[in-house]
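Now for the letters of each chain:
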Amino acid sequence: MADSLRLGKSAIQCSPLGLGAMTWGEKAWSTAYGGTGGRADEEAAFKASLKGGVNLFDTAEMYGSGNSERRLGQLAQGSKAVIATKFMPRPPRTSGALPKALDASLKRLQTDSVDLYQIHFPVPWVSIPKLMHRLADAVEARKVRAVGVSNYSEVQMRQAHAVLESRGVPLATNQVQYSLLYRKPESDGVLDACKELGVTILAYMPLAMGALTGKYAIAKPTDRMRTRMTPTFNPAEVKSAALVTESLARIVKTHDATASQVALRWLIQQGVVPIPGAKDGEQAKQNAGALKVKLSVTELAEISALASDWKHIKWPRAPRLSDRD
Ligand SMILES: NC(=O)c1ccc[n+]([C@@H]2O[C@H](COP(=O)([O-])OP(=O)(O)OC[C@H]3O[C@@H](n4cnc5c(N)ncnc54)[C@H](OP(=O)(O)O)[C@@H]3O)[C@@H](O)[C@H]2O)c1
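Predicted model, so just to flag it, every value in this text is computed and none were measured.

A. Region of the structure containing the environment of lysine 130. Inspection of the secondary structure assignment puts lysine 130 in helix 4 (residues 128-140). Counting along the chain gives 36 residues from lysine 130 to threonine 94, while the straight-line C-alpha distance between them is 9.1 Å.

Rendered as structure tokens:
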């Protein structure tokens, strides 16, 4: 695996592993399941990532109501970080809200142009073609270097790709939930369509919100917020997740690695770019270590077979294709 890859057919080169900064910035309910320990931990995570060869950082305007973008903007000044952020088409917004939202993101990120600008979710009240034209306009205005989508189904992604292609802009990425414990992209057509169209998958929740680190058990549950948010942390699921990480133990030992590193490496060697969240320097350093692990073809197949029957976590659902707006 090379040290860097191209995001789709765009000009953006970055590490084959990123870091998700959803929990960074001042604590707010929208940081989902608990913020970091504070600014020092975030700085340590940022520096440990760059030192470990990870230069892609993912954020969104909605994370911490803009606080994650602000923090990343401060940390990234003068660095070689590749920044990805997202537009949220929340009601009553239409595609017409994108230019102003992008300007606000750029201001928080302290930059004139962002490396990757993604649409956070497809929603039935916003037209995909109109959104894609807005993205292409942003590329032409040099405010965005590459564009992507997130949580788009195969059909939605093909539509987005076709509109952008008509404007001469490649659809670089589709950011979807994908981990050893959540294999939906393999069966819903997204993985195959990405290969066919030359779109890179950014895998979010690649550690199944921490379950794949092996640190949670029924006797040692996680915070209540995470338990409420996802079935991953229901007792039966935690038990199954623990069985998966236990099954990885031999491979983990062979490579003198950790369960997280093996789980991330399994994605990296498929050409998928995982963006694990990290709350401090230690987590970021350990995750970056996945860049050094090299799994054999036999090991990859063995790991794939381990958890192929997992069908849990129904959230988030992809809305229907829509032309309204
Ligand atoms: N596009 C979307 O709709 C969408 C949705 C969700 C997330 N995302 C993106 O994906 C990124 C990652 O998702 P995620 O943070 O929800 O899930 P994740 O990456 O699967 O899990 C991250 C959490 O696991 C724990 N962890 C990470 N590395 C660890 C290590 N080495 N050792 C021990 N614990 C470790 C940390 O939480 P604790 O320390 O609290 O256990 C961390 O916050 C987000 O930051 C965001 O950028 C996108």
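B. Just the packing of helix 1 (residues 39-51) against helix 12 (residues 281-288), in detail. Closest axis-to-axis distance for the helix 1/helix 12 pair is 7 Å, and the angle between their directions is 20°. As far as their axial angle goes, helix 12 and helix 1 are roughly parallel. Helix 12 is crossed by helix 1, and the crossing has right-handed handedness. Together, Asp41, Ala44, Ala45, Ala48 and Ser49 of helix 1 and Gly281, Ala284 and Lys285 of helix 12 make up the contact between the two elements. Residue composition of the contact of helix 1 with helix 12, grouped by class: four nonpolar, two polar and two charged.

C. Just the packing of helix 2 (residues 67-76) against helix 3 (residues 98-109), in detail. Following both chains from N to C, one finds helix 2 and helix 3 inclined at 45°, their axes separated by 7 Å at the closest point. As the angle between them shows, helix 2 and helix 3 are arranged oblique. Mapping the contact onto sequence places Glu69, Arg70, Leu72 and Gly73 in helix 2 and Ser105, Arg108 and Leu109 in helix 3. By residue class, the composition of the contact of helix 2 with helix 3 is two nonpolar, two polar and three charged.

D. Seen up close, the nonpolar core. Counting residues in each nonpolar core, the largest one holds 82 residues, and the members touching the most others are Tyr117, Met132 and Tyr152. Top contributing element to this core by residue count: helix 11 (residues 259-268), with seven residues. Leaving out residues up to four positions away in the same chain, methionine 132 has contacts with Ile119, Val149, Tyr152, Ala160, Val163 and Leu164. Counting 17 residues, the second largest nonpolar core, distinct from the first, contains Leu7, Val82, Ala146 and Met205.

E. Geometry of the pattern of salt bridges. Applying the stated criterion across every chain yields a total of 14 salt bridges. The salt bridge involving aspartate 58 is made with lysine 86; its shortest N-O contact spans 2.7 Å. Pair noted here: aspartate 58 is in strand 4 (residues 56-58) and lysine 86 is in strand 5 (residues 82-87), with a separation of 28 residues, a long-range link. Each of the two residues, aspartate 58 as well as lysine 86, counts as buried. Between glutamate 61 and arginine 93 there is a salt bridge whose closest N-O contact spans 2.6 Å. Here arginine 93 lies in the loop between strand 5 and helix 3 and glutamate 61 lies in the loop between strand 4 and helix 2, a separation of 32 residues in the sequence. Given a relative accessible area of 14%, arginine 93 falls into the buried group. When salt bridges with common partners are traced through the structure, they connect Asp137, Glu140 and Arg167 into a single cluster.

F. Structural context of helix 13 (residues 297-306). Taken residue by residue, helix 13 has Glu299, Leu300 and Ile303 as its buried positions. All buried residues of helix 13 fall inside an arc of 100° around its axis, so they share one side. Those residues of helix 13 that are exposed and angled more than 90 degrees off the buried face are Val297, Thr298 and Ala305. Elements in contact with the buried residues of helix 13: helix 10 (249-254) and helix 11.

G. A look at the confidence of the model for the chain. Looking at the chain, the pLDDT average stands at 89 and 84% of residues meet or exceed 70. Here residues 310-323 is a poorly scored stretch, pLDDT under 50, and it has 40 contacts once near neighbours within four places are set aside; other chains count.

H. Here's a closer look at the environment of alanine 172. Within the secondary structure layout, alanine 172 lies in strand 8 (residues 171-177). Remark: the alpha-carbon pair of alanine 172 and cysteine 194, spanning 22 residues in sequence, is separated by 9.6 Å. Beyond its immediate sequence surroundings of up to four residues, alanine 172 is in contact with Leu7, Gly8, Ser10, Leu116, Ala146, Val147, Val199 and Thr200.

I. Looking closely at the sheet that holds strand 3 (residues 18-20). Pairing is parallel in the open sheet, where eight strands are placed in the order 3-4-5-6-7-8-9-10. Two strands bound the open sheet, and with one partner strand each, they are strand 3 and strand 10 (273-274). Sheet topology note: the strand 6 (residues 114-119)/strand 7 (residues 144-150) ladder contains five bridges and is parallel. Opposite valine 114, over in strand 7, you have valine 144 as the bridge partner.

J. View of the pairing of strand 7. In terms of residue burial, strand 7 counts as a mostly covered element, since six of its seven residues are buried. For the crossover that starts at strand 6, traverses helix 4 and ends in the parallel strand 7, the hand is right-handed. Here strand 7 pairs with strand 8 via four bridges, running parallel. Along strand 8, the bridge assignment pairs valine 149 with asparagine 174. Note that the unit made of strand 7, helix 5 (residues 154-166) and strand 8 has a crossover that is right-handed.

Calculation notes
Residue positions are given per chain, counting from 1 as you read along its sequence in written order. The predicted nature of this model means local features are confined to residues of pLDDT at least 70 and side-chain atom pairs, given and counted, to a pLDDT of 80 or more, with totals for whole chains, interfaces and linings taken over all residues. Derived side-chain values reflect all non-hydrogen atoms in the structure, with water molecules and hydrogen atoms excluded from consideration. Secondary structure elements follow DSSP: runs of H or I of four or more residues count as helices, runs of E of two or more count as strands, with numbering from the N terminus. In this description, a line fitted to the C-alpha atoms serves as the axis of each element, helices being fitted only across the stretch in contact, and the angle between N-to-C directions of two axes falls anywhere from 0 to 180 degrees. When describing relative orientation, an angle under 35 degrees is termed roughly parallel and one over 145 degrees roughly antiparallel, while 65 to 115 degrees is termed roughly perpendicular and anything else oblique. Left-handed describes a crossing whose near helix is turned anticlockwise from the far helix through less than a right angle; right-handed describes the clockwise counterpart. Whether two residues are in contact is decided by their heavy atoms, any of which lying within 4.5 Å being enough. When residues are grouped by polarity, Ala, Val, Leu, Ile, Met, Phe, Trp, Tyr, Cys and Pro land in nonpolar, Asp, Glu, Lys and Arg in charged, and all others, Gly among them, in polar. Within this scheme, the nonpolar core is defined by two criteria: the residues are buried Ala, Val, Leu, Ile, Met, Phe, Trp, Tyr or Cys, and they are joined through side-chain atoms within 4.5 Å. For each residue, the accessible area found with a 1.4 Å probe, counting protein chains only, is set against the maximum for its type, and the residue is called buried under 20%, exposed over 50%, and partly exposed in between. Take a side-chain nitrogen of Lys or Arg and a carboxyl oxygen of Asp or Glu: if they are within 4 Å of each other, that pair is a salt bridge. Throughout, the arc means that of the directions going from the helix axis to the C-beta atoms. Here pLDDT means the predictor's own confidence in every residue, given as a number from 0 to 100. The rule for pairing is simple: two strands pair if DSSP sees at least two bridges between them. The handedness rule is simple: strands pointing away from the viewer, and a clockwise path from the first strand over the helix to the second, make the crossover right-handed.

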